[in-house]
Amino acid sequence: MPSPEAAGPAPVPLLTPREGVPPVIADESALDAVVSALAQGSGPLAVDAERASGYRYGQRAYLVQLRREGAGTSLIDPVACPDLTALGEAVSDAEWVLHAATQDLPCLRDIGMRPTRLFDTELAGRLAGFARVGLGVMVETVLGYSLEKGHSAVDWSSRPLPDPWLRYAALDVELLVDLRDALEEELRHQGKLEWALEEFAAIAAAPPPPPRKDPWRRTSGVHKVRRRRQLGVVRELWEARDETARRRDLSPGKVLADAAIVAAAQAMPKDTRALAALPGFGHRTNRRQLQQWQAAIDRARELPEEELPQTAQPPQGPPPPRAWAERDPVAAARLTAARTAVTAHAEELRMPQENLLTPELVRRLCWEPPADGGPEAVGAALRALGAREWQIAQTSGLLAKALSES
């Protein structure tokens with residue numbers, strides 16, 4: 001197997017589907033046949049899903065790709081077959097192999113597919129020390145094949161899907177199990193396989209994340225908006241845009257750009273004529289849309305003071321690290337020492353620091369360290385914060401030393 005550091009310089013062959021591009025499954029009878037074939041297959045199940053991010057509202061799946069030994073590759077249209085619960089149950093005994101599992105699992109769960117065991121080839125690559133962990137790079141580096149490029153950001157909600165797109169989608173699972181096997185061997189060689197399996201088990205068992213609080217605050221450029229009344233405009237426009245995007249099944253950015261929301265909040269236009277003069281509300285915005293956006297601005301203008309959003313969210317957890325030196329110099333020193341220790345050990349293990357221990361977890365530990373600063377107490381604190389056992393074993397001692405010396 002090639003070194004994790006870099007791919008070889010020799011040209012690599014372009015991968016083609018072994019059985020050709022399979023037809024898209026778009027009716028229940030064809031789906032039943034695929035369920036039966038995959039259930040009778042053997043070994044791990046390669047899984048991928050294509051979404052229409054940037055085109056459609058939400059993160060639903062518009063194509064599901066599956067491959068298993070003895071069953072070949074299947075492409076399923078989850079628009080025509082929206083409930084894949086029976087499929088998920090038929091392959092529940094298999095280990096599912098995904099690349100960047102946390103990206104695909106939410107949309108797979110929405111259609112009834114939930115793994116009990118998984119292997120994440122992207123995370124495996126990170127733990128093994130590969131500098132670049134995209135699927136195409138990993139397949140080329142590890143297996144010596146080049147995947148077709150150019151269709152990852154297309155509108156997968158289009159129908160019918162063009163043959164080149166389907167070939168691209170089929171190739172995403174063509175060698176996924178082979179990649180899994182090679183990475184398992186590399187992780188075993190490095191003594192990291194048990195760490196990876198612990199990470200994979202945690203991903204499979206994790207519940208869906210709770211809804212974001214105040215999602216409108218993630219509007220790009222909102223930091224430029226200083227006053228509460230203006231923030232009220234951001235909130236009202238964001239919510240109006242979200243409702244329209246949901247109703248029209250469009251990406252919110254296609255309905256109204258974040259930059260336009262921020263420009264309107266800063267300018268606080270008093271009528272549609274003034275609004276139309278702002279960036280993002282020009283000649284392509286019709287009168288009805290302008291009235292809709294102006295109504296949202298007017299609602300914010302009329303809100304009572306007590307209903308306006310605060311300029312800053314209530315603090316949750318430690319303050320930003322830049323404020324530590326002033327607020328608590330001792331804690332700042334602890335954080336510097338802990339970061340240095342974790343970063344150095346991550347470099348020794350040849351993995352990203354955030355995979356050894358997330359920066360947020362390190363900050364929380366340093367802001368409120370255990371009274372007993374020994375390795376056992378530090379380990380218990382890390383466990384309470386959600387660290388995995390392998391992470392605790394690798395970092396509790398060095399963190400205890402860093403905290404005691406700072």
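One numbering rule holds for all chains: residues counted from 1, following each sequence as written. Totals for whole chains, interfaces and linings use every residue, but because this is a predicted model, local features are given only for residues with pLDDT of at least 70 and side-chain atom pairs only at 80 or more, for both listing and counting. To get the side-chain values, all heavy atoms of the structure are used, and hydrogens and water are removed first.

Looking up the protein chain in an unreviewed UniProt entry gives the name Ribonuclease D, with the organism given as Streptomyces zhaozhouensis.

Some points on the overall build of the protein chain
Helix and strand definitions here come from DSSP, where helices need a minimum of 4 consecutive H or I residues and strands a minimum of 2 consecutive E residues; each element is numbered from the N-terminal end. Secondary structure summary: the protein chain contains 19 helices and six strands in total. Seen along its three principal axes, the alpha-carbon backbone of the protein chain occupies a region of about 65 × 65 × 40 Å. Here the term buried applies to any residue with accessible area under 20% of the maximum for its type, exposed to any over 50%, and partly exposed to those in between, with areas from a 1.4 Å probe on protein chains only. Classification of the 406 residues of the protein chain by burial places 48% in the buried group. Contacts spanning at least 24 positions in sequence make up 68% of the contacts within the protein chain whose residues lie at least 6 apart. A total accessible area of about 20,500 Å² is found for the protein chain, and carbon and sulfur atoms account for 51% of it. Positive charge is attributed to Lys and Arg, negative charge to Asp and Glu, and no charge count is given to His or to the chain ends. For the purpose of locating charges, the reference atoms are NZ of Lys, CZ of Arg, CG of Asp and CD of Glu. Side-chain charges in the protein chain split into 49 positive and 55 negative, and the spacing between the mean points of these groups amounts to 9 Å. When checking whether two residues touch, look at their non-hydrogen atoms; a contact exists if any pair is within 4.5 Å. Here the Shrake-Rupley method, with its probe set to 1.4 Å, supplies the accessible areas, and only the displayed protein chains count as covering residues.

With respect to the pattern of salt bridges
Throughout this description, the term salt bridge denotes a Lys or Arg side-chain nitrogen within 4 Å of a carboxyl oxygen of Asp or Glu. What the rule picks out here adds up to 22 salt bridges. The residue E95 makes a salt bridge to R180 at a minimum N-O spacing of 2.6 Å. Taken together, the positions of E95 in the loop between α2 (85–90) and β5 (96–98) and R180 in helix α7 (residues 176–190) put the pair 85 residues apart, joining distant regions of the chain. When its relative accessible area of 9% is taken as the criterion, R180 is described as buried. One salt bridge connects R383 with E389, and the closest N-O pair in it is separated by 2.7 Å. Taken together, the salt bridges that share partners define one network made up of E95, R180, D181 and E184.

Side note on the UniProt feature "domain: HRDC" (unreviewed entry) in the protein chain
The sites that UniProt annotates as "domain: HRDC" (unreviewed entry) are residues 227–307. A distance of 13 Å separates the end C-alpha atoms of residues 227–307, which is 69% helix and 0% strand. UniProt positions are given in the numbering used here, feature names are shortened, and annotations may be inferred rather than shown by experiment.

A few points about the packing of helix α18 (residues 375–384) against helix α19 (residues 389–405)
Relative to each other, α18 and α19 sit at 130°, their axes nearing to 8 Å. By the criterion of interaxial angle, the relationship of α18 to α19 is oblique. At the point where α18 passes α19, the crossing takes the right-handed sense. Residues P375, V378, G379, L382 and R383 of α18 touch α19, and the partners they reach there are E389, I392, T395, S396, G397, L399, A400 and L403. Each residue belonging to the contact of α18 with α19 can be placed in one class, and the counts come to seven nonpolar, four polar and two charged. Each axis is a line fitted through C-alpha atoms, and for a helix only the stretch in contact is used; angles between axes span 0 to 180 degrees, taken between their N-to-C directions. By definition in this entry, angles of less than 35 degrees are roughly parallel, angles greater than 145 are roughly antiparallel, angles of 65 to 115 are roughly perpendicular, and the rest are oblique. Each crossing gets its handedness from the near helix: less than a right angle anticlockwise from the far helix is left-handed, clockwise is right-handed. Under the scheme applied, nonpolar residues are Ala, Val, Leu, Ile, Met, Phe, Trp, Tyr, Cys and Pro; charged residues are Asp, Glu, Lys and Arg; polar residues are all the others, including Gly.

Topic: the nonpolar core
In this description, a nonpolar core means a group of buried Ala, Val, Leu, Ile, Met, Phe, Trp, Tyr and Cys residues linked to one another through side-chain atoms lying within 4.5 Å. Core analysis: the largest hydrophobic core is formed by 80 residues, its most contacted members being V64, L66, I76, L84, W96, L118 and L382. The greatest single-element share of this core, amounting to seven residues, is contributed by helix α15 (residues 329–349). As annotated, the domain borders come from an automatic or database domain assignment. The two domains that each donate at least three residues to this core are domain 1 (12–205) and domain 3 (321–405). Contacts of L66, omitting those with residues within four sequence positions, involve L38, L45, A46, V47, G72, T73, S74, I76, L87, M113 and V173. Within the second largest apolar cluster, 28 residues are counted, among which are Y57, V262, A264 and A300.

Thoughts on unusual backbone geometry
The residue after R159, namely P160, is reached through a cis peptide bond having omega -5°. Topologically, P160 is positioned in the loop between α5 (135–143) and α6 (163–174). Positioned with a positive phi, D249 is a non-glycine residue whose angle comes to about 55°. According to the relative accessible area criterion, D249 is partly exposed, its value standing at 27%.

Things to note about the pairing of strand β3 (residues 61–69)
For β3, the tally of buried residues reaches eight of nine residues, placing the bulk of the element in the interior. Strand pairing is assigned whenever DSSP detects at least two bridges linking the two strands. Summarising the sheet, strand β2 (residues 42–51) and β3 pair through eight bridges and their orientation is antiparallel. By the bridge assignment for β3, R51 is matched with A61. Taken together, the five bridges between β3 and strand β4 (residues 72–76) define a ladder with antiparallel strand orientation. Along β4, the bridge assignment pairs R68 with G72. In sequence, β3 turns back onto β4 through a hairpin of two residues, with G70 there showing a positive phi of about 90°.

Observations concerning the packing of aromatic side chains
Given two aromatic rings, their pairing is described by the distance between the two centres and the angle made by the two planes. Each pair of aromatic rings taken from Phe, Tyr and Trp, with Trp reduced to its six-membered ring, is defined by centres within 6.5 Å and is described as stacked if the planes are under 30 degrees apart, edge-to-face if over 60, and tilted in the remaining cases. Overall, the coordinates contain five aromatic pairs when judged by the stated rule. Considering the side-chain rings of W195 and W390, the 4.8 Å spacing of their centres and the 10° angle between planes classify their relative orientation as stacked. Placement of W195 in helix α8 (residues 193–205) and of W390 in helix α19 is noted, with a sequence separation of 195 residues between them. Judged by centre distance (4.8 Å) and plane angle (50°), the ring pair of W324 and W367 falls under tilted. Linking W324 in helix α14 (residues 324–327) with W367 in helix α17 (residues 359–367), this pair joins segments that are 43 residues apart in sequence. Among the aromatic residues, those joined into a cluster by ring pairs are W156, W165 and Y168. Should the NZ of a Lys or the CZ of an Arg lie within 6 Å of a ring centre and within 35 degrees of the ring normal, that charge is described as sitting over the ring. Against the face of Y62 rests R60, its NZ or CZ located 4.9 Å from the ring centre.

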